[in-house]
Amino acid sequence: MLCRTRILMFFKRFLLGGVAMLLLGTFLAACSSSKPKETAVTPKAVSTSKTIEFIPSSTATPYFTVAVYGGVKKEAAKYGYKTVMVGPAVSTHVSTEIDTVRTAVARHVAGIVLVPYSPTALVAPVKAAEKAGIPVAVVDSTITPMIANSFAAVNDVKGAEAAAKYAANYVNGKGEYGIIDYNLSTTSGRDREKGFRQEMAKFPGMKYVATEISNSVISTALSEATTMLEHHPHINVMFGANDRSAIGVAEAVERLHLQNKVVVVGFDADLGEVQLVKEGIIKATVLQSPFLEGETGVEIIHDVLTHVHVPKTITLPFHVVTYKDYNTSTSIAAIRQYLPTYTG
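Structural notes, computed from the coordinates. In this text, all values refer to a predicted model and were calculated from it rather than measured experimentally. (Residues numbered from 1 in each chain as written. Predicted model: local features only at pLDDT ≥ 70, side-chain atom pairs only at ≥ 80, totals over all residues. Heavy atoms only, no water.)

**As for the overall build of the protein chain**
Right, on to step 1. For the protein chain, the helix and strand inventory stands at twelve helices and twelve strands.
Right, on to step 2. Residue burial in the protein chain is summarised as follows: out of 344 residues, 58% are buried.
Right, on to step 3. Working note: accessible area of the protein chain is about 13,700 Å², and carbon and sulfur atoms make up 55% of it. (Helix = DSSP H or I, 4+ residues; strand = E, 2+ residues; numbered from the N terminus. Buried < 20%, exposed > 50% of the residue type's maximum accessible area, 1.4 Å probe, protein only. Areas by Shrake-Rupley, 256 points an atom, 1.4 Å probe, with all protein chains shown as cover.)

**Side note on the nonpolar core**
Right, on to step 1. Among the nonpolar cores identified, the biggest contains 80 residues, and Phe 54, Phe 196, Met 200, Val 237, Met 238 and Phe 239 are the most heavily contacted of them.
Right, on to step 2. Those residues in contact with Met 200, other than ones at most four positions away along the chain, are Ala 164, Ala 167, Ala 168, Tyr 177, Met 206 and Val 237.
Right, on to step 3. Within the second largest apolar cluster, 21 residues are counted, among which are Val 123, Val 126, Ile 143 and Ala 153. (Core = buried A, V, L, I, M, F, W, Y, C linked by side-chain atoms within 4.5 Å. Contact = heavy atoms within 4.5 Å.)

**Brief notes about the packing of aromatic side chains**
Right, on to step 1. Overall, the coordinates contain nine aromatic pairs when judged by the stated rule.
Right, on to step 2. A centroid spacing of 5.7 Å and a plane angle of 10 degrees characterise the contact between Phe 54 and Tyr 69, whose relative ring orientation is stacked. Remark: Tyr 69 occurs in helix H3 (residues 62-79) and Phe 54 occurs in strand E1 (residues 51-55); sequence separation between them is 15 residues. For the pair shown, Phe 54 and Tyr 69 are each scored as buried.
Right, on to step 3. With 6.4 Å between their ring centres and 65 degrees between their planes, Tyr 170 and Tyr 323 make a pair best called edge-to-face. Taken together, the positions of Tyr 170 in helix H6 (residues 156-170) and Tyr 323 in the loop between strand E12 (319-322) and helix H12 (329-336) put the pair 153 residues apart, joining distant regions of the chain.
Right, on to step 4. Members of the aromatic cluster, connected to one another through ring pairs, are Tyr 177, Phe 196, Tyr 208 and Phe 239.
Right, on to step 5. In this structure, Lys 283 is placed above the aromatic ring of Tyr 323, and the distance from its NZ or CZ to the ring centre is 5.5 Å. (Phe/Tyr/Trp six-rings, centres within 6.5 Å; stacked < 30°, edge-to-face > 60°. Lys NZ or Arg CZ within 6 Å of the ring centre and 35° of its normal.)

**Observations regarding the environment of Val 138**
Right, on to step 1. For Val 138, the position within the fold is in strand E4 (residues 136-139).
Right, on to step 2. Using a relative accessible area of 0% as the deciding quantity, one classes Val 138 as buried.
Right, on to step 3. Measuring from C-alpha to C-alpha, the distance between Val 138 and Ile 55 comes to 9.7 Å, with 83 residues separating the pair along the chain.
Right, on to step 4. In this structure Val 138 touches Leu 114, Pro 116, Ile 143, Ala 148, Ser 150, Phe 151 and Ala 152, once residues within four positions along its chain are discounted.

**Structural notes on the sheet that holds strand E7 (residues 206-213)**
Right, on to step 1. Across the sheet, which stays open at both edges, the six strands sit in the order E7-E6-E8-E9-E10-E12 with mixed pairing between neighbours. Both edges of this open sheet fall to E7 and E12, since each of them pairs with a single strand only. Shown here is a sheet whose adjacent strand axes are inclined to one another by a mean of 20 degrees, direction ignored.
Right, on to step 2. Of the strand pairs in this sheet, strand E8 (residues 235-240) and strand E9 (residues 263-267) are connected by four bridges, and their pairing is parallel. Each residue of the ladder has a partner; that of Val 237, found in E9, is Val 263.
Right, on to step 3. Its contacts with the sheet place helix H9 (residues 243-255) against strand E6 (175-181), E8, E9 and strand E10 (282-287), and it is angled at close to 165 degrees to E9.
Right, on to step 4. Relative to the sheet, H12 contacts E10 and E12, its axis offset from that of E12 by approximately 110 degrees. (Pairing = 2+ DSSP bridges. Axes fitted to C-alpha atoms, helices over the stretch in contact; angles between N-to-C directions.)

**Observations concerning unusual backbone geometry**
Right, on to step 1. Cis peptide bonds are those with omega within 30 degrees of zero, and the linkage from Thr 144 to Pro 145 qualifies with 0 degrees.
Right, on to step 2. The residue Pro 145 is located in the loop between E4 and strand E5 (150-154) in this model.
Right, on to step 3. We note that His 108 has phi near 55 degrees; this positive angle belongs to a residue other than glycine.
Right, on to step 4. Given a relative accessible area of 45%, His 108 falls into the partly exposed group.
Right, on to step 5. The backbone of His 257 sits at a positive phi, close to 60 degrees, despite the residue not being glycine.
Right, on to step 6. Relative to the assigned elements, His 257 resides in the loop between H9 and E9.
Right, on to step 7. Among the residues examined, His 257 registers a relative accessible area of 66% and is labelled exposed.

The following block contains the structure:
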């Protein structure tokens, strides 16, 4: 069953020796430039008799295709389910994601783990799935109204607040800041901008400049951040709201030789972003629990199918990794959810 004990046991598996309690204190918990082909994975060769389908908002980001899907596959194997991942390569192609859900319903898969791009457009397909007796676990971003069996994710508002607090304290609460968000369509994208600005408002000396949207394209984030920094020379904090955005921001800061002036903070991680943290160009980044997110999605489906009660919302932990503590046991455990072979 989904509960606090299960989540805590998960993290202990990733830690060495006696750092389990440290993780509990550090993780805050409760109980995403060229366009690839439209669909990265096709389900034609997979049996639908006992298949869980993972439908991300984009198959172009490692966060979903490696980290979250890794958790889906591991937990599904535990219960004997097969898995398949299908989805749009471009997150803004909402119609493709809608069609993917409807196709999964028509194939009568055992369950669907869904990352919805639009909080409203995916409601009707989810209703169709549940009408067909197919449980749906929504992860990462939610739908409105939340009619799926359960929603599992970190609290994006609180994660972004943590990033803002770190950055504001770093500059002694004085200066200007800008945001490069990946979208304002998903609930996660909205919540990260909201949380960052909400926390910054607690520092009267910090002035908001603007928010630009990268659509999770590094080159777009790079261009937007460069323009913002050139037009607003007093900016001393920049927030990249996901890994693609944060990398673009960091590259802009590096190209403009502003590493010693502009504090870059991010959200998520991939190998490129972790390297930028090590180099100190990104001062801190908020890491989610992507592997656990995928595992939890499968747990939700299995519990529904076996008539076990699941809560409507499951809040997962996050961890702030900084350029000073990226090589600690706790940080390594968090990074490994994105990069399983990472050793520090």
